[in-house]
Amino acid sequence: MKEISLHLLDIAQNSVAAQASRIVIKIEVTSWNNIRDLLPAEDKKSEDTYWLVCEVIDNGRGMDPDFAKQVTNPFATTRTTRDVGLGIPLLKLSAEMAGGGLVLESQPMKGTTVKAYFQVNNIDRIPLGDIASTFKILILGNPDINWIIEFSSFKDKFVLDTQEVKKELGEIPIINDDVLDWIERTVCEGIKVVFGGVLDEVR
Ligand SMILES: Nc1ncnc2c1ncn2[C@@H]1O[C@H](COP(=O)(O)OP(=O)(O)OP(=O)(O)O)[C@@H](O)[C@H]1O
Ligand SMILES: [Mg+2]
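Source: prediction; values computed, not measured.

Definitions and limits used
- Residues numbered from 1 in each chain as written.
- Chains lettered and ligands numbered in written order.
- Predicted model: local features only at pLDDT ≥ 70, side-chain atom pairs only at ≥ 80, totals over all residues.
- Near = placed C-beta within 6 Å.
- Helix = DSSP H or I, 4+ residues; strand = E, 2+ residues; numbered from the N terminus.
- Nonpolar A, V, L, I, M, F, W, Y, C, P; charged D, E, K, R; others polar.
- Pairing = 2+ DSSP bridges.
- Buried ≥ 20, exposed ≤ 12 C-beta atoms within 10 Å, placed from the backbone.
- Arc of directions from axis to C-beta.
- Contact = placed C-beta atoms within 7 Å.

Colleague: Before we move on, can you summarise the site of ligand 1 with the specific residues and values?
Modeller: Taken together, the neighbourhood of ligand 1 is formed by 17 residues, with Asn14, Ala18, Gly85, Gly87 and Ile88 sitting nearest. Of all elements in the fold, only α1 (4-17) and α3 (87-97) reach the threshold of two or more residues within the shell around ligand 1. Of the residues belonging to the shell around ligand 1, the class tally is 6 nonpolar, 7 polar and 4 charged.

Written out as structure tokens, the structure is:
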């Protein structure tokens, strides 16, 4: 996949399928010391590298530990022992191509966190893509889920929580065209404020 937004759409759809009622999508640009625990020993010295960290956190049905292991390593096992699917492995591949990786944490009945990290300036790091319209599509398709989108960098922070938006709206449904357009514009603004001048693709 060529864009992070498409990966996030896929990963968030897994959370929807797992019957999550609350899904957090986090995108962060952070320095090395905040993710150093995830890095292999030889990378722990890359102190001057910035990392783009993307996370989808849900409270869905979760996975058994054995299944969770297979899901991130599909090529190490036979197809008959797992569901056919490539959403997670493809994100892992994209992240590894950009000098990073993917971590999956899951607890049955509690939820799942998928975290992918990319070297910001790696030549093979795919761009964010259209995060705002991806988010709009997710809300439109699943309006009853409490969606939270968070951006942060050393420059600024942005949060949009659909539960908060719904409170303000009162009787107006969140899937109202004007509301969705407002959400899209607000998310676009958030990306500019948080990632403008931080990520090359955001002007
Ligand atoms: N957030 C999640 N909560 C619970 N189970 C999950 C979650 N994400 C993935 N899974 C399980 O892992 C499997 C593999 O996910 P993956 O996204 O790699 O492929 P898929 O969703 O089955 O197919 P594809 O994404 O290619 O359409 C899913 O079928 C599901 O059983
Ligand atoms: Mg999937």
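Colleague: Give a description of the pairing of strand β3 (residues 101-107) that names residues and reports values.
Modeller: Both β3 and strand β4 (residues 111-119) contribute to a ladder of 7 bridges, which runs antiparallel. Counterpart to Val103 in the pairing with β4 is Lys115. The turn linking β3 back onto β4 is made up of 3 residues, and Met109 within it adopts a positive phi angle of 70°.

Colleague: I'd like a rundown of unusual backbone geometry, residues and numbers included.
Modeller: Despite not being glycine, Gln19 has its phi angle at roughly 60°, a positive value. Mapped onto the fold, Gln19 is located in the loop between α1 and β1 (22-31). Despite not being glycine, Met109 shows a phi value in the positive range, around 70°.

Colleague: Give a description of the environment of Asn142 that names residues and reports values.
Modeller: Looking at the element boundaries, Asn142 is found in the loop between α4 (131-141) and β5 (146-152). On the basis of neighbour count, Asn142 is assigned to the partly exposed category, with 19 C-beta atoms found within 10 Å.

Colleague: Break down α4 for me, with residues and values.
Modeller: The set of residues buried in α4 consists of Ile131, Ala132, Thr134, Phe135, Leu138 and Ile139. The buried residues of α4 all sit within an arc of 165° when viewed along its axis, so they share a single face. Buried residues along α4 sit against α1, β5, α5 (162-169) and α6 (177-195).

Colleague: Run through the environment of Ile139, naming residues and quoting values.
Modeller: For Ile139, the position within the fold is in helix α4. Judged by the 22 C-beta atoms lying within 10 Å of it, Ile139 falls in the buried class. Separated by 44 residues in the primary sequence, Ile139 and Ile183 have C-alpha atoms spaced 9.7 Å apart.

Colleague: Provide a residue-level description of the pairing of β5, including the pertinent values.
Modeller: Covered by surrounding structure in β5 are Trp147, Ile149 and Phe151 only, the residues Asn146, Ile148, Glu150 and Ser152 on the alternate face being uncovered. Looking at chain direction, β1 and β5 are connected through 7 bridges and run parallel. Considered in β5, the bridge of Glu28 is made with Ser152. Bridge count for β5 against strand β6 (residues 157-161) is 5 bridges, and the pairing is antiparallel. Along β6, the bridge assignment pairs Ile149 with Leu160. Counting the residues in the hairpin turn of β5 and β6 gives 4 residues.

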